[in-house]
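Spelled out, the chains give:
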Amino acid sequence: MKKYIGRQTVKFANPPSVLAAASVVGPKEGEGPLCDFFDVVSPDVLFGMESWEMAESEMVRRTAALAVQKAGLHMEDIRYMLAGDLLSHNSGSNFGMRSFGRPFFGLYGACSAMGKGLGLGAMLVDGGYAEYVLASASSHFCGAEKTFRFPLELGTQRPPTAGWTVTGCGTVVLAAQGNGPYITAATTGVIVDMGITDANNMGAAMAPAAVDVLINHFKDLNVGPSHYDAIITGDLGFIGRDLLLALMDDAGYDLHKNLGDCGMLIYDRAGQDVHAGGSGCGCSAAVFAGYLLDRMKKREINRLLFVPTGALHSVATVQQGETMPAIAHAVVIENK
Amino acid sequence: MNQSEVAKQEYALLVEQASPGSKVAGNCLRAFLVGGGICVVGQIFKNALLALGMANDDASLVTACILVVIAVLLTSVGLYSKIGKFAGAGAIVPITGFANAITAPAIEYKKEGLVLGVGAKMFVIAGPVIVYGAMASVLVGLFHFFMR
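Overview of the structure. (Residues numbered from 1 in each chain as written. Chains lettered and ligands numbered in written order. Predicted model: local features only at pLDDT ≥ 70, side-chain atom pairs only at ≥ 80, totals over all residues. Heavy atoms only, no water.)

With that settled, consider the overall build of chain A. Secondary structure summary: chain A contains 11 helices and 17 strands in total. Relative to the globule expectation of 20 Å for 336 residues, the C-alpha radius of gyration of chain A, 18 Å, shows essentially globular dimensions. Each of the three principal axes of chain A carries a C-alpha extent, and together these read 55 × 50 × 35 Å. Within chain A, residue pairs in contact and separated by at least 24 positions form 77% of the contacts whose partners lie at least 6 positions apart. As presented, chain A carries roughly 12,100 Å² of accessible surface, and 50% of it is formed by carbon and sulfur atoms. (Helix = DSSP H or I, 4+ residues; strand = E, 2+ residues; numbered from the N terminus. Rg over C-alpha atoms; globule rule 2.2 N^0.38 Å. Contact = heavy atoms within 4.5 Å. Areas by Shrake-Rupley, 256 points an atom, 1.4 Å probe, with all protein chains shown as cover.)

This is the structure:
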């Protein structure tokens, strides 16, 4: 049976259920407006470890273990683990998952990792290749600064367009059977590069990728923005969100009523000095696993279009003056 | 998404309009106050050293050393990054900023070991300043030598 539709969308025949989700965040995220929705707020940014890299992996490990526990399963029940992060060679996920001994796919999609994991995970479950799949995405502020920017103790100023990488991890367990919410469709994004070279303005680099996947999603499924109770992008932040709205207006789609962004939700912009808002794989992952799924369980949102966004540059490509390609993936999550 | 050159130019304009710039006037004022303040502290040390009977050149050298030590200490307890965030160039341009630029990566890369971590990465930010500073001083020296 054909499950693909239009240019780049899949519509699941037996929509996988989100069986359980877990979110673990750092202290700054725990001071933000969504603090009550996260399972664990670590007071220690090192998570009891000795380096930022191992701190992120420990966070990934704890979140995965908690998600499986909340699902009432054992780790042996998980057929595939899909996980992505921002560190070199996906090491946050590789080291975080190494102790579990389960089949593993590392994903790199920068901050779009959770969208990628949910889409691929749902394909694995709906395709009959697994009963239970775990999808995870994480980022750590200190590790990301070290990888992409400057040492933490360097006395510099961040430009107003810069985002703040979330220290957090979100993990979900997808299952062939369950009480929902269900992943009913997913649109895989294409790489879009609109010529942005400023690595301190990632919202601007990513907004066109989100626009592209949204328009193709609407066309493929023949629906409009009002079909959804909420359309939540990953980490465009305040500037990227404004750009997305402007581009969507130009394309004839009105998203003003139901658009939100995880990067805008996770921090208090005025009080937490985060400039353009939250970013990082952990931003959309923790907001989805903690806050958005909670709102779906309470039936405050019944039909969600979740669109994590990622900028696909590296330190080397930025230094070489290359433009910043970006990607976004759209995933539909619905209550029955 | 239309990714033609025209569309990219139009998008660049849209991005420019949507992206707030830095607050230049406030940043300049803070840089002036803090940068000037660091220099005043240095001058106080130098005057004290001169009053103790130290020669002028020696007093300048010892003053620079004292400021570097203070900046290293402030960096290691996490205070210099806060001063830098507040003052911008006011904290980067004085010699204390140079000390911070060497200490910060030394702390950051401690986990990678003394050789490939601290030793190799210590100059990752300050290295270019040393390279081009030394080159500039050679050029100025040659200029001075031939124009004398």
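Now for the interface of chain A and chain B. Listed as interface residues are 34 residues of chain A and, on the opposing side, 35 residues of chain B. Interface area for chain A against chain B, summed over the two sides, is near 2,800 Å², with a carbon-plus-sulfur share of 62%. Together, E153, Q157 and M194 of chain A form the three largest contributors to the area buried by chain A at its contact with chain B, with a combined 26%. Along the contact surface separating chain A from chain B lie 2 salt bridges. For the salt bridge of K85 of chain B with D273 of chain A, the shortest nitrogen-to-oxygen distance reads 3.0 Å. (Buried area = accessible area lost by both parts, 1.4 Å probe. Salt bridge = Lys/Arg side-chain N within 4 Å of Asp/Glu carboxyl O.)

Its boundaries defined by the atoms lining it, the largest pocket holds a volume of some 1,300 Å³. E145, R149, F150, P151 and R158 of chain A are the residues nearest the centre of the largest pocket, which is lined by 43 residues in total. At the level of secondary structure, the elements contributing two or more residues to the lining of the largest pocket comprise α1 (27-30), α5 (141-148), β8 (164-165) and α11 (315-319) of chain A together with α4 (80-87) of chain B. Residue contributions to the lining of the largest pocket peak at 6 residues, all from α5 of chain A. For the lining of the largest pocket, the class distribution of residues is 20 nonpolar, 12 polar and 11 charged. Residues lining the lining of the largest pocket come from more than one domain, with at least three contributed by each of domain 1 (4-175) and domain 2 (182-334) of chain A. (1 Å grid on protein atoms, 1.4 Å probe; cavity = no way out; pocket = protein on both sides within 12 Å on 5 of 7 lines; lining within 4 Å. Points joined across faces, edges and corners; volume = space filled by probe spheres on them. Nonpolar A, V, L, I, M, F, W, Y, C, P; charged D, E, K, R; others polar. Domains from an automatic or database assignment.)

Residues and elements named next belong to chain A. L118, V172, I183, F288, L292, L304 and F306 are the most contacted members of the largest nonpolar core, which totals 54 residues. Take this core: its biggest share by element is 11 residues, from helix α10 (residues 281-297). Taken domain by domain, the makeup of this core includes at least three residues from each of domain 1 (4-175) and domain 2 (182-334). Excluding its chain neighbours within four sequence positions, the residues that come into contact with F306 are M114, L118, I232, C262, S284, F288, L292, H329, A330, V331 and I333. The next biggest cluster of nonpolar side chains, apart from the first, holds 42 residues, and it includes I196, V211, L305 and V307. (Core = buried A, V, L, I, M, F, W, Y, C linked by side-chain atoms within 4.5 Å. Buried < 20%, exposed > 50% of the residue type's maximum accessible area, 1.4 Å probe, protein only.)

Once that is clear, we can look at the packing of helix α6 (residues 202-221) of chain A against helix α7 (residues 237-250) of chain A. All names here are of chain A. As a packed pair, α6 and α7 sit with axes 8 Å apart at the nearest point and diverge in direction by 40°. The angle between α6 and α7 places the two elements in the oblique class. By crossing handedness, the relation of α6 to α7 is classed as right-handed. Contact residues: G203, A204, A207, P208, A210, V211, L214, I215 and F218 in α6; G240, L243, L244, L247 and M248 in α7. Within the contact of α6 with α7, the residues separate by chemical class into 12 nonpolar, 2 polar and no charged. (Axes fitted to C-alpha atoms, helices over the stretch in contact; angles between N-to-C directions. Parallel < 35°, antiparallel > 145°, perpendicular 65-115°, else oblique. Left-handed = near helix turned anticlockwise from the far one by under 90°.)

Attention shifts here to helix α3 (residues 56-76) of chain B. Residues and elements named next belong to chain B. For α3, built from 21 residues, the straight-helix expectation of 30 Å at 1.5 Å per residue is met to within 8% by its first-to-last C-alpha distance of 30 Å. Turning to α3, its buried residues number three or more, namely A59, T63, L67, A71 and T75. The arc that holds the buried residues of α3, viewed along the axis, is 145°, so those residues lie on one side. Turned more than 90 degrees from where α3 packs its buried face, D57, L61 and L73 sit exposed. Its buried side turned inward, α3 meets α2 (24-51), α4 and α6 (95-108). Of the residues trailing α3, G78 is marked for its positive phi of about 80°. (Expected span 1.5 Å × (residues − 1). Arc of directions from axis to C-beta.)

Quick look at the pattern of salt bridges now. According to the stated counting rule, one finds 15 salt bridges over all chains in the structure shown. Ionic pairing is found between R62 of chain A and E58 of chain A, a salt bridge with its closest N-O pair at 2.9 Å. Here the residue R62 of chain A and the residue E58 of chain A both occupy positions in helix α2 (residues 52-70), the gap between them amounting to 4 residues, near one helical turn. Taking relative accessible area as the criterion, E58 of chain A reaches 13% and is therefore assigned buried. Residues K257 of chain A and D254 of chain A are paired through a salt bridge, measuring 3.5 Å at the closest nitrogen-oxygen approach. K257 of chain A gets classed as exposed once you look at its relative accessible area, which sits at 77%. Residues joined in a network through salt bridges with shared partners are E53 and K146 of chain A together with E112 of chain B.

What follows concerns a nonpolar patch on the surface. Residues and elements named next belong to chain B. On the surface, I95, F98, F123, V129 and I130 cluster together into a nonpolar patch covering about 400 Å² of accessible area. Going through the elements one at a time, α6 and α8 (127-147) are the ones with two or more residues in the nonpolar patch. Residue placement: F123 occurs in the loop between α7 (114-121) and α8. Owing to a relative accessible area of 38%, F123 belongs among the partly exposed residues under this scheme. (Patch = residues over 30% accessible without salt bridge, like charges linked within 9 Å, V, L, I, M, F, W, Y side chains within 5 Å.)

The next point concerns the packing of α3 of chain B against α6 of chain B. All names here are of chain B. Direction vectors running N to C along α3 and α6 enclose 40°, while the axes themselves pass 8 Å from each other. Judged on the interaxial angle alone, α6 and α3 are oblique. Seen from above, α3 lies across α6 with right-handed handedness. Across the interface between the two elements, A64, L67, V68, A71, V72, T75 and S76 of α3 pack against I95, T96, A99, N100, T103, A104 and I107 of α6.

Further remarks concern the pairing of strand β10 (residues 182-187) of chain A. All names here are of chain A. Of all 6 residues in β10, 6 are buried; the element is thus mostly enclosed. Both strand β2 (residues 9-11) and β10 contribute to a ladder of 3 bridges, which runs antiparallel. Bridge assignment links V10 to a residue of β10, and that residue is A186. Looking at chain direction, β10 and strand β17 (residues 330-334) are connected through 5 bridges and run antiparallel. The residue bridging A186 from the neighbouring strand is V331, located in β17. (Pairing = 2+ DSSP bridges.)

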